[in-house]
Amino acid sequence: MQIFLPEKIGLCFGVKRALKLTLDEIKRNRKVYILGDLIHNPQVAENLRRRGIKSIGNLSQIKEGTLIIRSHGEDPSVIREARKRKLRVLDATCPYVLKVQKIVRSLSQESYRVIIVGTDTHPEVRGVIANVKKGRVYVVKNSQETEKLPFLKKAGIVAQTTENIENFSRIVKRLIEKTSECRVFNTICRIIRERQEEIRKLAREVEAVIVVGGYNSSNTHQLVKLCQSLEVKTCFVEKEEDLSMKEWKGIKRVGITGGTSTPEEVIEKIKNKLLNQGGKGT
Ligand code: SF4
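Description of the structure in this document. In this text the structure is predicted, and so the values were computed from the model without any measurement.

1. Some remarks on the sheet that holds strand β2 (residues 32-35)
- The sheet built from 4 strands is open, its strands ordered β3-β2-β4-β5 with parallel pairing. Every other strand in the sheet has two partners, leaving β3 (54-56) and β5 (88-91) as the edge strands with one partner each. The mean inter-strand angle of the sheet, taken between neighbouring strand axes irrespective of direction, is 30 degrees.
- On the sheet, helix α1 (residues 13-28) packs against β2, β4 (66-69) and β5 and is oriented at approximately 170 degrees with respect to β4.

2. A few points about unusual backbone geometry
- Positive phi, close to 65 degrees, is recorded for Ser-111, a residue that is not glycine.
- Assignment of secondary structure puts Ser-111 in the loop between α4 (95-109) and β6 (113-117).
- With 10 C-beta atoms packed within 10 Å, Ser-111 lands in the exposed category.
- At Glu-231, a residue that is not glycine, the phi angle is positive and equals roughly 60 degrees.
- Among the structural elements, Glu-231 can be located in the loop between α8 (218-229) and β11 (233-237).
- With 8 C-beta atoms packed within 10 Å, Glu-231 lands in the exposed category.

What counts, and at which threshold
Residues numbered from 1 in each chain as written. Predicted model: local features only at pLDDT ≥ 70, side-chain atom pairs only at ≥ 80, totals over all residues. Pairing = 2+ DSSP bridges. Helix = DSSP H or I, 4+ residues; strand = E, 2+ residues; numbered from the N terminus. Axes fitted to C-alpha atoms, helices over the stretch in contact; angles between N-to-C directions. Contact = placed C-beta atoms within 7 Å. Buried ≥ 20, exposed ≤ 12 C-beta atoms within 10 Å, placed from the backbone.

If you want it as structure tokens, here you go:
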């Protein structure tokens, strides 16, 4: 079996930055908190917990210390509230996410209805929604969901940073027919676009792809969906123990990739497992 890895794997710069900020802070301050998990990866979340960094559900659970704002961003009112409570706030919101927030704020001020292509329950999307005037925002996941929207005079469309470009294009095409004036901002993160492009190339060279990442990671799910749409055998695993070797009998060329919240070491472990079964790296 030959094993292929794309050029770009491992954590993206937004996640690395959030991680560094958090680890530096725990050296200085013993009370460091995050609303939810810093990143959607169980190994990293566990490592942070072991170092004493605590995940909380809401601000009422803490009285002092440092609050880290994740790379996904946060509702600005939560940040204001944390400062009001005299917490030290370290904002690790990724610059790509900040850009989406800025765009929707300005669209909202100019009386555009904002349409976000993404998942309404995702923390990044919830943070973006919080930047728009109440009742003037819609979230759609696929082109079927555009049917529920009314005809709009002025609409501005943005994407969740991890969105799949084909899905975004399909939705934009449909929405142009449902609006008089429509402004489109392709806010899919550059790193995500590059990873999607690399998967397209990889899928042409292999019979199967192993996608590695947290089962709760949005961008890893997007990579899985993309592989499936390219009709290549796709296997989604979180860690090496999840990989059953029986499935790989007879497969000669396999690719391994991971989400932007998947550390390189986790991918290396999967690769080593295949190498130990007689696979050859390329
Ligand atoms: S995937 Fe892109 S938007 Fe998300 S944290 Fe990484 S660099 Fe930022």
